[in-house]
Amino acid sequence: MKPQHNVIEIAPRSWCISEYKLVNAFLIEGETTAALIDTGCGIGNIAQVVKSLTDKPIVILLTHNHFDHNGGLYHFPQSEVYMHPADDGLWQSMMKMSPDGSYNGLRSFYIKSRGAVRCPEYKVEDLLALIPRDNPSPEFQYTAVNHGDKIDLGGRILTVIHTPGHTEGGVCYLDENSGILFSGDTVNNSIILMRQPDNDTVLIKRYHDTVKKLWEEEKSYTALAIGHDGTVIPKQIVKDYLDLTTGLLNGTITGEYKETGFRKGDVANLGMAELWYQCDA
Ligand SMILES: [Zn+2]
């Protein structure tokens, strides 16, 4: 099967654009502007898909600064990009994972490690053929967003919620109009927190505070639009992560070390939630 972007309408004037099932971006249209929440890792041409869905000017809202979410920015040179400043410099530090020190090296590493797991119906070589040949620069300018900021798309306002854990500058975008929380990699079916020196629990505490804050807002949304492995999921998962991190911190839940697919680290589960919390990969 030939790889293709998959578009799913998740609410009126709201679409999930799945980049070959590797990662999701979301397009949200207001009266005056449309927001693209994340851009994929930049294989194929997401801009063409966006153009087929809206003729409004596009702003880009990054949930965080990982290359699989900002890698398609080069398709939108005219668009303003919004990001939390605590993630400044993060993509540069990810370059050490690249076999040849380039963004295309990261893209090919990503396809080779995730492709067979996330989209087994596509051939890895067909996905690799979608990597941009001209090796576009990953550099970008951005406007800083902070907790509580409102982004007005014209009759549709997105609220920024700062949600550190997966990355320090991770944010969710709350759309009260549709009742959807766009949660990136802050909350999805399988969350990664990097390994901390001496297995310190500081990052689990940080993430616990994040899901606590999100659950306190739960009356504002009914569902989450997630970054990977699914599209829209029930908000109950936020409560599951809250209970899971509570248990890990008070010792009633302990995880175990596992290596599966492209993940390595300590993992614990509760309900819909799966947390990799001393994660090496
Ligand atoms: Zn991420």
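Refer to the structure above for everything that follows.
Residues numbered from 1 in each chain as written. Predicted model: local features only at pLDDT ≥ 70, side-chain atom pairs only at ≥ 80, totals over all residues.

(A) Quick peek at the sheet that holds strand S3 (residues 23-29). The strand order S1-S2-S3-S4-S5-S6-S7 describes an open sheet built from 7 strands, whose pairing is mixed. The open sheet terminates on both sides in strands that have one partner only, identified here as strand S1 (6-11) and strand S7 (143-144). In terms of strand pairing, strand S6 (residues 81-83) meets S7 through 2 bridges, oriented parallel. The residue of S7 that forms the bridge with Met83 is Ala144. The sheet contacts of helix H1 (residues 46-53) involve S1, strand S2 (14-19), S3, strand S4 (34-37) and strand S5 (58-61), and relative to S2 the element is tilted by about 160°. (Pairing = 2+ DSSP bridges. Helix = DSSP H or I, 4+ residues; strand = E, 2+ residues; numbered from the N terminus. Contact = placed C-beta atoms within 7 Å. Axes fitted to C-alpha atoms, helices over the stretch in contact; angles between N-to-C directions.)

(B) Here's a closer look at the environment of Gly184. Tracing the backbone shows Gly184 in strand S11 (residues 180-184). Residue class for Gly184 comes out buried when judged on the 30 C-beta atoms lying within 10 Å of it. It is 8.9 Å that separates the C-alpha atoms of Gly184 and Tyr173, two residues lying 11 residues apart in sequence. Residues within four places of Gly184 in sequence aside, it is in contact with Asp38, Thr63, His64, His69, Gly170, Cys172 and Gly227. (Buried ≥ 20, exposed ≤ 12 C-beta atoms within 10 Å, placed from the backbone.)

(C) Structural detail: the sheet that holds strand S15 (residues 256-260). Strands sit in the order S12-S17-S16-S15 across an open sheet of 4 strands; the sheet is mixed. Looking at strand neighbours, the two that pair on one side only are strand S12 (191-194) and S15, the edges of this open sheet. Between one strand axis and the next, the sheet turns by 40° as a mean value, whatever way the strands run. Across 6 bridges, strand S16 (residues 263-270) lies against strand S17 (residues 273-279) in antiparallel orientation. Its bridge partner being in S17, Leu270 is matched across the sheet by Ala273. Lying over the sheet, helix H7 (residues 236-250) contacts S16 and S17, oriented at roughly 45° with respect to S17.

(D) Structural view of the nonpolar core. Counting 54 residues, the largest nonpolar core has Phe26, Ala35, Ile37 and Tyr241 as the members making the most contacts within it. Setting aside residues no more than four positions away along its own chain, Tyr241 makes contact with Val187, Val211, Ala273 and Leu275. If you look at the next biggest cluster of nonpolar residues, it comprises 15 residues, including Trp91, Tyr103, Tyr122 and Ile131. (Core = buried A, V, L, I, M, F, W, Y, C linked by C-beta atoms within 7 Å.)

(E) Highlighting the pairing of S11. For S11, the buried fraction is high: 5 of the 5 residues fall into the buried class. Alternating positions in S11 separate into two faces, Ile180, Phe182 and Gly184 on one and Leu181 and Ser183 on the other, with burial throughout. Alignment of strand S10 (residues 171-175) against S11, held across 3 bridges, turns out to be antiparallel. In the sheet register, Leu174 faces S11, and the bridge partner there is Leu181. In this sheet, strand S13 (residues 223-226) lies alongside S11 in parallel orientation, the contact comprising 4 bridges. Residue pairing in the sheet places Phe182 in a bridge with Ala225 of S13.

(F) Looking closely at helix H4 (residues 103-118). Its axis deflected by about 35° at Lys112, H4 carries its strongest bend there. Buried residues of H4: Tyr103, Asn104, Leu106, Arg107, Tyr110, Ile111, Arg114 and Gly115, and no others. Of the surrounding secondary structure, the elements contacted by the buried residues of H4 are helix H2 (67-70), helix H3 (90-94) and helix H5 (124-128). (Bend = angle between axes of the 7 residues up to and from the residue.)

(G) Quick look at the pairing of S3. The buried fraction of S3 is high, at 7 of 7 residues. Of the two faces of S3, the one carrying Val23, Ala25, Leu27 and Glu29 and the one carrying Asn24, Phe26 and Ile28 are both buried. Two elements, S2 and S3, share 6 bridges in a ladder whose sense is antiparallel. When the sheet's bridge partners are listed, Ile17 is paired in S3 with Ala25. Joining the antiparallel neighbours S2 and S3 is a turn of 3 residues, in which Tyr20 adopts a positive phi near 55°. The pairing of S3 with S4 spans 4 bridges and is classified as antiparallel.

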